[in-house]
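The residues making up each chain are set out below.
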Amino acid sequence: MEERNMKKKDAIIWCVRLGAVALVSVLAGHLTGGTSSQPQSIQVSPDLQQKSMSGDGAQQEEGQILDDQANDGQDEGTLNSASNGWGFSQDPYQQNHFHTRTGGS
Amino acid sequence: MIQDAFSFRAMNTRVEFQIRYGSEGDPVSKGEAEVASIRQAVVAIFEQVERICSRFLPDSELSVINRSLCQPISVSGLLFQILHHAERAYLKTGGVFNPAIYQRLHEVGYRYSMADKEGWKHTLFALQTEPPSEDLIPITAFPYTLDHQKRTVTRKEGMGIDLGGIAKGWTVDQAATFLASHGYGFVSAGGDIRLFGQHKIPVSIALENPVDPSQDVGTLFLEQGAVATSSVAKRKWKAGNRWFHHLIDPRTGQPVSNGILSCTVSASTAMEADVWAKTLLILGPKRGIESMKKHRLQAFWIDQDGKVRSVS
């Protein structure tokens, strides 16, 4: 009888422990999501993927170094549509998507 | 109209938004008057922030603080919010982002808006006769304290406040929040871009080559959130034989010079992206990568040899 009670007690303690761990995990996830910058899912065009080198050196051997010559004429259509202000009809990639540029100020 | 594209100038930069009204599966047509009022509302958002936060406008709330006698000054909710965000950014970036660069910007010549040709003529002349110091002048202190209960700000003695980039990013976010109630698209201002609404097809964002701005180095695709680019190739000037630009490294008090020409960072908001793009550019490759990884941010940067590097 006493042994059964002990087992019951142990089981309850474990349930409480697991519950606490689960609660802490949920809270931690919630807090992380609420207070830190979330990574945005950036995809890159194959040309940029090829030309960019991983900054930490992990993929340096695989990447190619971008040079100005390799970039000649790139994205001209895109550029024109962007500078016209509205890219829908001149979309070089896909119909019905937005296009813009970033270069700092 | 089921879509609109509109651009205008504010904060001495080009502002643009593109929108499709309604949602992707359920487009909505707007009348001309409503389209005009939406455009006007976005312009008003930018004009209001500029009027309050510009360090170039003598009557702005920020200028009043910068001239104040270091007494608590009651400020608008808008300015208080941006000052609060700037304080948080300072802490989060370990002081790499610091609005206290105001004084140094002034000393190296950035005293007038880039649009003020007359002001710049005088400045460049003054810089030639009295060149800025090349000594290390680290900026370690934060330039103000906030009282959240009284909504007041107290400037610290001998310091000034510059909210340039962070105010621009914040404004882009505000405009995007407003436009999201009408449809989906993006807002862009001087390198800061924020998407709004639901995008089933990613927005393509060409990355300008800082060595040759007429060219792009590639394209990013984004479904939500924001990207921002900071570049030393913009807002720069020459006095004597020395080139200056507007990105001051608070650790040295001098314009950043580490071989990086531009940095593009993706984050949840344009304001955050703007802060981190600056931070990466200032920190340089080694410490910049550590910082981006720590904060789980994706970034690209281009160095003076035209090499593109990435961290994610």
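## As for the overall build of chain A
(1) Moving on: On a plain count of helices and strands, chain A comes out with three helices and three strands.
(2) Moving on: Starting at the N terminus and ending at the C terminus, chain A contains elements arranged as α-β-α-β-α-β.
(3) Moving on: Accessible surface, chain A: about 7,000 Å² in total, of which carbon and sulfur atoms supply 55%.

## Considering the packing of helix α3 (residues 77–92) of chain B against helix α6 (residues 164–180) of chain B
Residues and elements named next belong to chain B.
(1) Moving on: Put simply, α3 and α6 touch, their axes get as near as 10 Å, and they point 115 degrees apart. Two packed elements cross with a definite hand, and for α3 against α6 that hand is right-handed. When α3 is examined against α6, the residues Leu-78, Gln-81, Ile-82, His-85, Ala-86 and Ala-89 are found in contact with a partner set consisting of Ile-166, Ala-167 and Trp-170.
(2) Moving on: In terms of residue class, the contact of α3 with α6 is made up of seven nonpolar, two polar and no charged.

## A word on the packing of aromatic side chains
Residue and element names in this part refer to chain B.
(1) Moving on: Tallied over the full model, the rule gives 12 aromatic pairs over all chains.
(2) Moving on: Stacked on the ring of Tyr-110, the Lys or Arg Arg-55 has its end atom at 4.7 Å from the ring centre.
(3) Moving on: Its guanidinium or amino end placed over the ring of Trp-243, Lys-236 lies 4.9 Å from that ring's centre, counting from NZ or CZ.

## Comments concerning α6(B)
Residues and elements named next belong to chain B.
(1) Moving on: With 17 residues, α6 should cover 24 Å at 1.5 Å per step; its first-to-last C-alpha distance of 25 Å lies within 8% of that length.
(2) Moving on: Along α6, 12 of the 17 residues are buried, which leaves the element largely enclosed by surrounding structure.
(3) Moving on: Every buried residue of α6 is listed here: Gly-165, Ile-166, Ala-167, Lys-168, Gly-169, Trp-170, Thr-171, Val-172, Asp-173, Ala-175, Ala-176 and Leu-179.
(4) Moving on: Where the residues of α6 are buried, they touch β2 (13–21), α1 (32–53), α3, β6 (183–189), β7 (192–196) and α7 (270–294).

## Re the pairing of strand β5 (residues 152–155) of chain B
Residue and element names in this part refer to chain B.
(1) Moving on: Here β5 shows two buried faces, one formed by Thr-152 and Thr-154 and the other by Val-153 and Arg-155.
(2) Moving on: In terms of strand pairing, strand β3 (residues 73–74) meets β5 through two bridges, oriented antiparallel. Within the sheet, the bridge partner assigned to Ser-74 lies in β5 and is Thr-152.
(3) Moving on: With four bridges connecting them, strand β4 (residues 144–147) and β5 associate as antiparallel partners. The residue bridging Asp-147 from the neighbouring strand is Thr-152, located in β5.
(4) Moving on: What sits between β4 and β5 in their antiparallel hairpin is a turn of four residues, with Arg-151 showing a positive phi close to 50 degrees.

## Examining the layout of surface pockets
Residue and element names in this part refer to chain B.
(1) Moving on: Space inside the largest pocket adds up to approximately 940 Å³.
(2) Moving on: Sort the elements by how many residues they give to the lining of the largest pocket and α6 lands first, with five residues.
(3) Moving on: The residue makeup of the lining of the largest pocket, split by class, is 23 nonpolar, 15 polar and 10 charged.

## What to know about the nonpolar core
Residue and element names in this part refer to chain B.
(1) Moving on: Ranked by size, the top nonpolar core spans 49 residues in total, and within it Phe-46, Ile-82, Leu-83, Leu-163, Ile-166 and Val-187 carry the most contacts.
(2) Moving on: Top contributing element to this core by residue count: α1, with nine residues.
(3) Moving on: Ranked by size, the runner-up nonpolar core spans 23 residues in total, among them Leu-247, Val-265, Ile-282 and Ile-289.

## What to know about the packing of α1(B) against α6(B)
Residues and elements named next belong to chain B.
(1) Moving on: α6 packs onto α1 with a crossing angle of 155 degrees between their chain directions and a minimal axis gap of 10 Å. Comparing their axes, α6 and α1 come out roughly antiparallel. Here α1 and α6 pass one another in a crossing that is right-handed. Between α1, through Ile-38, Ala-41, Val-42, Ile-45, Phe-46, Val-49 and Cys-53, and α6, the contact on the second element is made entirely by Ala-167, Trp-170, Thr-171, Val-172, Gln-174, Ala-175, Phe-178 and Leu-179.
(2) Moving on: Taken together, the residues of the contact of α1 with α6 break down into 13 nonpolar, two polar and no charged.

## Looking at the sheet that holds strand β9 (residues 216–222) of chain B
Through backbone hydrogen bonds, the strands of a sheet pair up, either in parallel or in antiparallel fashion.
(1) Moving on: Pairing is mixed in the open sheet, where four strands are placed in the order β1(A)-β9(B)-β8(B)-β3(A). Of all the strands in the sheet, the pair left with one neighbour each is β1 (42–44) and β3 (99–102) of chain A. Sheet twist, expressed as the mean angle between neighbouring strand axes with direction ignored, is 30 degrees.
(2) Moving on: Here three bridges tie β1(A) to β9(B), and the two strands are oriented antiparallel to one another. Across the sheet, residue Gln43(A) finds its bridge partner in β9(B), namely Phe221(B).

## Quick notes on the sheet that holds β5(B)
Residue and element names in this part refer to chain B.
(1) Moving on: What the three strands build is an open sheet, ordered β3-β5-β4; its pairing is antiparallel. Each end of this open sheet is capped by a strand with a single partner; those strands are β3 and β4.
(2) Moving on: The sheet strands contacting α3 are β4 and β5, and the helix crosses β4 at an angle near 125 degrees.

Here is what the cut-offs are and how they apply
Residues numbered from 1 in each chain as written. Chains lettered and ligands numbered in written order. Predicted model: local features only at pLDDT ≥ 70, side-chain atom pairs only at ≥ 80, totals over all residues. Heavy atoms only, no water. Helix = DSSP H or I, 4+ residues; strand = E, 2+ residues; numbered from the N terminus. Areas by Shrake-Rupley, 256 points an atom, 1.4 Å probe, with all protein chains shown as cover. Axes fitted to C-alpha atoms, helices over the stretch in contact; angles between N-to-C directions. Left-handed = near helix turned anticlockwise from the far one by under 90°. Contact = heavy atoms within 4.5 Å. Nonpolar A, V, L, I, M, F, W, Y, C, P; charged D, E, K, R; others polar. Phe/Tyr/Trp six-rings, centres within 6.5 Å; stacked < 30°, edge-to-face > 60°. Lys NZ or Arg CZ within 6 Å of the ring centre and 35° of its normal. Expected span 1.5 Å × (residues − 1). Buried < 20%, exposed > 50% of the residue type's maximum accessible area, 1.4 Å probe, protein only. Pairing = 2+ DSSP bridges. 1 Å grid on protein atoms, 1.4 Å probe; cavity = no way out; pocket = protein on both sides within 12 Å on 5 of 7 lines; lining within 4 Å. Points joined across faces, edges and corners; volume = space filled by probe spheres on them. Core = buried A, V, L, I, M, F, W, Y, C linked by side-chain atoms within 4.5 Å. Parallel < 35°, antiparallel > 145°, perpendicular 65-115°, else oblique.

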